[in-house]
Amino acid sequence: MERRRDSDGTRPLRDLVADAVRSAILTGELQPGTRVPEEQLASDRGVSRVPVREALQMLATEGLVVLSPRRGATVAMPDMEKALELMEIRRALELLGVRRAADARGGRQAEDMARVVSLAGKAVSAGRLHELPALVEEFHALLTAASGNEELIAVLANVRMRVGWMFSVDLDIRSVTAWDEHAAILRCVLDGDATGAVRLMDTHVSHDEMLLRAKAASQDSSV
């Protein structure tokens, strides 16, 4: 297997290529339906086509690209049905994560979570809604990290990433209520109230799921 040494140590080239392509897809640099030619990607990244093929296989498994014998790799179209399935998975994993985080009373991430909630509250008050997506992701990442379960951290990050790509919440609707929910969840976590934290997280994720289902219904009715 081809490898390159980076700042974090030795990682397979396929992972480095996959990281680059994944980032381009999630940020919108590569739009759905766009072809991702192996030869061009190999040339741009300065690698052979072997790690490129391996990277594209990884991204196909994640649902971000579609591989076909004739066209090669293309960026996948967001699939609302898959997004709903992922939301069900996300709910179960978030509840596990917040329970463990509450058992640890926020662990080493407690102060950072409080900082993020404070920053988000100020951003909402000032109408700086563009700052919220990054803060949402940071809060949930910190909360999962506080669980101390490395496998859960990795799996839930992937699920949130895929849901986020397929679905964007209307911030004007969710901004204030979402951060009230985050603040309440954090209070339970810091108090070690696992039951309360799980109940609030379930409600929080349910709100996002309801918005997603409403969006799916709207799309169906417009077809």
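Structural data are supplied above this passage.
Here is a short report on the structure shown in this document. Source: prediction; values computed, not measured.

1. Some details on the environment of Leu56
- Residue position: Leu56 is located in helix H3 (residues 49-61).
- In the structure, Leu56 is positioned 18 residues away from Thr74 in sequence and 9.5 Å away in space, judged by C-alpha atoms.
- If sequence neighbours within four positions are ignored, Leu56 has contacts with Val36, Glu38, Leu41, Val65, Leu67 and Ala73.

2. What to know about the layout of surface pockets
- Each pocket or cavity is described by its volume, and for the second largest pocket that value is around 150 Å³.
- What lines the second largest pocket is simply Ala20, Val21, Ala24, Leu30, Arg35, Val36, Pro37, Gln40, Leu41, Asp44 and Arg45.
- Sorting the residues of the lining of the second largest pocket by element identifies helix H1 (13-26) and helix H2 (38-45) as the ones contributing at least two each.
- Of the residues forming the lining of the second largest pocket, the biggest block, four residues, is contributed by H2.

3. Considering the pattern of salt bridges
- For the structure shown, the criterion picks out 18 salt bridges.
- Residue Asp19 is joined to Arg22 by a salt bridge in which the shortest nitrogen-to-oxygen separation is 3.0 Å. Of this pair, Asp19 and Arg22 both sit in helix H1, three residues apart, roughly one helical turn.
- What makes Asp19 partly exposed here is its relative accessible area of 30%.
- For Arg22, a relative accessible area of 13% translates into the label buried.
- The residue Arg128 makes a salt bridge to Glu131 at a minimum N-O spacing of 2.7 Å.
- On the basis of relative accessible area, Glu131 is assigned to the partly exposed category, the value being 28%.

4. A look at the packing of aromatic side chains
- Scanning the entire structure with this criterion turns up one aromatic pair.
- For the pair Phe139 and Trp179, a centre-to-centre distance of 6.2 Å together with 80° between the ring planes defines the contact as edge-to-face. With a gap of 40 residues between them, Phe139 in helix H6 (residues 132-145) and Trp179 in helix H8 (residues 171-191) connect regions that are remote in the sequence. In this pair, the class of Phe139 matches that of Trp179, namely buried.

Thresholds, definitions, all that
- Note on numbering: residues in each chain are counted from 1, in written sequence order.
- Local features in this predicted model are restricted to residues of pLDDT 70 or higher, and side-chain atom pairs are both shown and tallied only at a pLDDT of 80 or more, whereas totals for entire chains, interfaces and linings draw on every residue.
- Excluded from the side-chain calculations are hydrogens and water; all other atoms, namely the structure's heavy atoms, are used.
- Strands are runs of DSSP state E lasting at least 2 residues, helices are runs of H or I lasting at least 4, and numbering of each runs from the N terminus.
- We call two residues in contact whenever any of their non-hydrogen atoms come within 4.5 Å of each other.
- Cavity and pocket criteria rest on a 1 Å grid covering protein atoms alone: a 1.4 Å probe that fits but cannot get out defines a cavity, protein on both sides within 12 Å along at least 5 of 7 lines defines an open pocket, and an atom within 4 Å of a point defines a lining residue.
- Grid points are joined across faces, edges and corners, and a volume is the space filled by probe spheres set on the points.
- Salt bridge, as used here: a side-chain nitrogen of Lys or Arg that lies within 4 Å of a carboxyl oxygen of Asp or Glu.
- Burial classification: accessible surface area is computed with a 1.4 Å probe over protein chains only, and a residue below 20% of its type maximum counts as buried, one above 50% as exposed, and the rest as partly exposed.
- Stacked, edge-to-face and tilted are the three classes for Phe, Tyr and Trp ring pairs, Trp counted by its six-membered ring, which pair at centre distances within 6.5 Å; planes under 30 degrees apart are stacked, over 60 edge-to-face, the rest tilted.

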